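Overview (structure and organization)
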2 protein chains.
Amino acid sequence: MKAATIRDVAERAHVSVASVSRVLTGAGAVTDATRARVMEAVDALSYVPHSGARSLSTSRTDTVGVILPDLFGEFFSELIRGMDVAARAHGLHLIVSSSHDDAADASAAIRSMRGRVDGLIVLSPHLDSANLTGNLSGRLPVLLMNGGEADSGRPSIAVDNVGGAVAAVEHLVAMGYRRIAHIGGPAGNLEARERQAGYVQAVLAAGLEPAVHNGDFTQASGHVAMTALLRGRDRPDALFAANDMMAIGALLALQEAGLRCPDDIAVVGFDDVPIAALVRPGLTTLHIDIAETGRHAMERLVRLIAATSLPDAVPDTTRETIHPRLVIRQSCGSPQFSTLDGGASAPARLVSNGE
Amino acid sequence: MKAATIRDVAERAHVSVASVSRVLTGAGAVTDATRARVMEAVDALSYVPHSGARSLSTSRTDTVGVILPDLFGEFFSELIRGMDVAARAHGLHLIVSSSHDDAADASAAIRSMRGRVDGLIVLSPHLDSANLTGNLSGRLPVLLMNGGEADSGRPSIAVDNVGGAVAAVEHLVAMGYRRIAHIGGPAGNLEARERQAGYVQAVLAAGLEPAVHNGDFTQASGHVAMTALLRGRDRPDALFAANDMMAIGALLALQEAGLRCPDDIAVVGFDDVPIAALVRPGLTTLHIDIAETGRHAMERLVRLIAATSLPDAVPDTTRETIHPRLVIRQSCGSPQFSTLDGGASAPARLVSNGE
DNA sequence: CTGTTAGCGCATTCAC
DNA sequence: GTGAATGCGCTAACAG
C-alpha cells in the first residue's frame, strides 16, 4: 500500500486536485461543502502532503542547514539547541551536517545542500568565502560563523576571542598573579590562535613573560599540560586555558598533585560551558551565551532568507561581534563569590558594527 | 542570476539532459567526449544538482529524521552525535526535530516529514505507535526509542531502566548503606517511572524502607531535594537519583551543607553523562554508551530502509534492550577507585531478544 | 468558487 | 551511445 497522493484525495472527494490543494494550503477560497468532502477524504486515506514535491513547486523547502566541524562537547550542542528553538519558531526544519575533515569533504556537504535548504549557517573552518561561492551555484543565503574572513563581504558573526583573552589576563594581573601560563588549542584552529594572541598581547602589556603550552581543546590535553607544568621549574601561579575543558583537565591535575586552586595556582577557562559552574572550585571563565548566539544567528538567517525574495533588498554584509564576558568564580581567587551556579560578572554586551 | 539547471548544462554542452544526467549519476554508458563536454559545462556554470528534484524523481531523499522531545543536556547531544556519525557513513543527511510540547505538536512534526526523509527515529514520548500509524500515511520505516510500547509490533530500542536502578540499589546495599533515598524524575516521564519502580523493588527486596522525593531531572531540582532531605529527620545515608544532573545537584547541596560524600551520604546517579566523571567526588552511576546507542540505532534504521525496497523482506519487529552498567566512582564509598575519568565497572552487555 | 494545465528539476524508460 | 518523452507530487496561474 503506497502513500496516498493529492490525486487520490481529489478522486475520492470528487473534486479537482486544485481544490484539494486549496483547502490544504489555506490559500484560495473554497466552499464549506467541498472543504468538508476534502477533509473527509484526507482523513479516510490518512493523506499527508509530500513536502518534497511541494518544495519543488514552491521553491521553498522550509528547511535550513547547519554546517559544523563536529558535534563534540557542549558548545555545539548548545548552539544547535538555540538554533533549533528559533527555527521552530519560524516553522523551519533543521538539517545538520558535521564532521567534515577537510575542505573537499566540506565542499561536498555544502553542494549536497542545494535544493534541500533555503539557507545555510556555516561554522566549518574548512569553508572560506571563496570555497562557498564556488560550490553554491545560485545565491543561497549563507551566514558565516567560522571566524576570520572579515573581508568576505558576507554576513557573519564572530566571537571576540582576542578581547576575551585580554580580559582574562588583565583580571589575573589585577588579582596579583605574575607568572601566568597559557595552554593553547589545536594548531590549525583560528579561535585558539586568536585567544593565544590576546593572551600574549595582554601579558606583554603587563610587563610579564608569556609562557605558552600546547593543547588541543580536550580535557585530557589540559591535564597533560598542567602535569608537565607542575614538573617544570619556574612553576606558574596562574593558568589561562584556551577553553574550559582544558581548564578542567588542569584543575583535576592540580588536585591529583595535591595542590590547591586558587591558592597554589589560579585557573581561568574560556566558553563557560555548563560544567564550568559545577566543578569545584567553580571555574572562572569567559562566558558566551551559546544557545542565545545560536538563536540569534538563526533569526538573522531567517531575515536573510526573507530578504532574497524582496526585489529591493539591501544586501546584508554586516559582521557582528560577540563579546564574551568574564564570569568570576572561585578558581581565580575570589572566594567571596561562591554561589551555586555562577558569580559576579562584567556587564554583557552584544554589539554589531556597520548596521 | 538564478542557479543553473540540468537543462542549462545540456544546452551549453550541446547534449541532451539525459546525457548530463548519465554522467552525473554515473549510471548508463557515455562517451569520453560527451563526458568531457558535460563536465566542462558543469564547471563553467558551477552547476549543482537540485537534490529536491532528484528526490522527487527517485523517491529517495537520502535523509533521515530524528524526533526528539528536546535538545537539552548531554544525553541528546551525544545521541545525535552517534547518529550523525552513522548517517554520514551511509551518505545520509540528518534532520532533527525537537521541542514538541504535546502530542498534537509532535504529530504535526512527524507529518511534515513525509517526502522529506527516508526513515525516522522517534524518541518523543508523545508519540505512541497509534499516533504514528495515524500520521504516517504510507509505511515509512520508523525506529522507536521512546520506551514502553513493547506491544506495538514496531522495531524499537529501549533502556533497561528497572534493571539499572536495581543494580544501583543492590550495590549500595552491598556497601552497607541502609537508609537509601531516591529522587525521582518528572511525573509524566516513563524512564523516570521505571527507574523509580526499580528502586522501590530493590529496596523492598533488601528489607529496607523506600523513601521517594520529587525532582524533574534538572540539577536544580536535585539540589533542592537534597537540601530538603538534610533538613528532615531520619537523614538517609545514601541517595540514588534518577539521573546524573540531579545527583550532581545533590552533591553540591551536600558540599554547601558542609557534609562529605560518600562519608556522610553516598550518591549514585544514572546515565553517566561526561560531567559525571569530572565532578569530585566522581559520581558512581549507571553508564549508557549514548553515542554508541545512537550509532547503533541509525545503523538499524538504515537496514530498515533497505528492507523496504526488498520484496521478500522479513518485517523487523524486534525490541532491543540496552542494559546500563554500573560505573563505580568515589561518590558511593570506594576510594580505591580514583582514576581520572572512570573506575571499575561491571561487564558491558548489549543484548537483544527475539532476533 | 472550481477545474484544467503547465511547470518545478531531475531520472528514466523507450526508440533510434 | 544518445535524445525525446514521460512522470515523480504538488502549486499556481489561467479560464470557466
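Shown above is the structure to which this text applies.
In this report, we go over the structure that sits alongside the text. The structure presented is a predicted model; accordingly, all values stated were derived computationally and were not measured.

This part is about the sheet that holds strand β6 (residues 180-183) of chain B. Residue and element names in this part refer to chain B. Strand order across the open sheet formed by four strands is β7-β6-β8-β9, with parallel pairing between neighbours. For this open sheet the edge positions go to β7 (212-213) and β9 (266-268), each flanked by a neighbour on one side alone. Sheet topology places β6 next to strand β8 (residues 238-241); four bridges connect them, and they run parallel. Looking at the pairing, Ala181 lines up with Leu239 of β8.

Attention now goes to the protein's contact with DNA strand D. The environment of DNA strand D is formed by 25 residues, the closest being Ile6(A), Tyr47(A), Arg54(A), Arg22(B) and Thr31(B). The sugar-phosphate portion of DNA strand D accounts for 63% of its atoms within 4 Å of the protein, the bases making up the rest. Between DNA strand D and Thr31(B) there is a distance of 2.6 Å, counted from a phosphate oxygen to a side-chain nitrogen or oxygen. For the surface near DNA strand D, the class distribution of residues is ten nonpolar, eleven polar and four charged.

Let us now look at unusual backbone geometry. Pro262(A) follows Cys261(A) through a cis peptide bond whose omega is 10°. Note that the residue after Arg280(B), namely Pro281(B), is joined by a cis bond; omega there is 0°. Mapping Pro281(B) onto the fold places it in the loop between β9 and β10 (285-287). Residues other than glycine seldom take positive phi values, yet Asp272(A) does so here, at roughly 55°.

Here the structure, examined in full by the defined rule, presents 22 salt bridges over all chains. Here the salt bridges do not stand alone but share partners, grouping Glu292(A), Arg295(A) and Glu299(A) into one network.

Bringing the sheet that holds strand β6 (residues 180-183) of chain A into the picture now. All names here are of chain A. Taken in spatial order, the four strands line up as β7-β6-β8-β9 in an open sheet, and their pairing is parallel. The strands lining the two open edges of the sheet, one partner per strand, are β7 (212-213) and β9 (266-268). Bridge count between strand β8 (residues 238-241) and β9: three bridges; the pairing is parallel. In the sheet register, Phe240 faces β9, and the bridge partner there is Val268.

Residue and element names in this part refer to chain A. Side-chain alternation along β6 places Ile180 and His182 on one buried face and Ala181 and Ile183 on a second face that is also buried. The sheet contact formed by β6 and β7 spans two bridges and is parallel. Residue pairing in the sheet places His182 in a bridge with Val212 of β7. What joins β6 to β7 is helix α9 (residues 190-205), and the crossover it makes is right-handed.

The next subject is the interface of chain A and chain B. Taken residue by residue, the interface counts 56 residues in chain A and 56 residues in chain B. Three residues stand out in chain A for area buried against chain B, namely Val48(A), Arg114(A) and Leu278(A), and they jointly supply 14% of the buried area on that side. For Asp105(A), the salt bridge goes to Arg88(B), with nearest N and O atoms at 3.1 Å. Linking chain A with chain B are 26 residue pairs in polar contact (both at pLDDT 80 or more), by the criterion used here.

The rules behind the values
- Residues numbered from 1 in each chain as written.
- Chains lettered and ligands numbered in written order.
- Predicted model: local features only at pLDDT ≥ 70, side-chain atom pairs only at ≥ 80, totals over all residues.
- Heavy atoms only, no water.
- Pairing = 2+ DSSP bridges.
- Helix = DSSP H or I, 4+ residues; strand = E, 2+ residues; numbered from the N terminus.
- Near = heavy atom within 4 Å.
- Polar contact = N/O pair within 3.5 Å; in protein donor to acceptor, adjacent residues only side chain to side chain.
- Nonpolar A, V, L, I, M, F, W, Y, C, P; charged D, E, K, R; others polar.
- Salt bridge = Lys/Arg side-chain N within 4 Å of Asp/Glu carboxyl O.
- Buried < 20%, exposed > 50% of the residue type's maximum accessible area, 1.4 Å probe, protein only.
- Right-handed = clockwise from strand over helix to strand, strands pointing away.
- Contact = heavy atoms within 4.5 Å.
- Buried area = accessible area lost by both parts, 1.4 Å probe.

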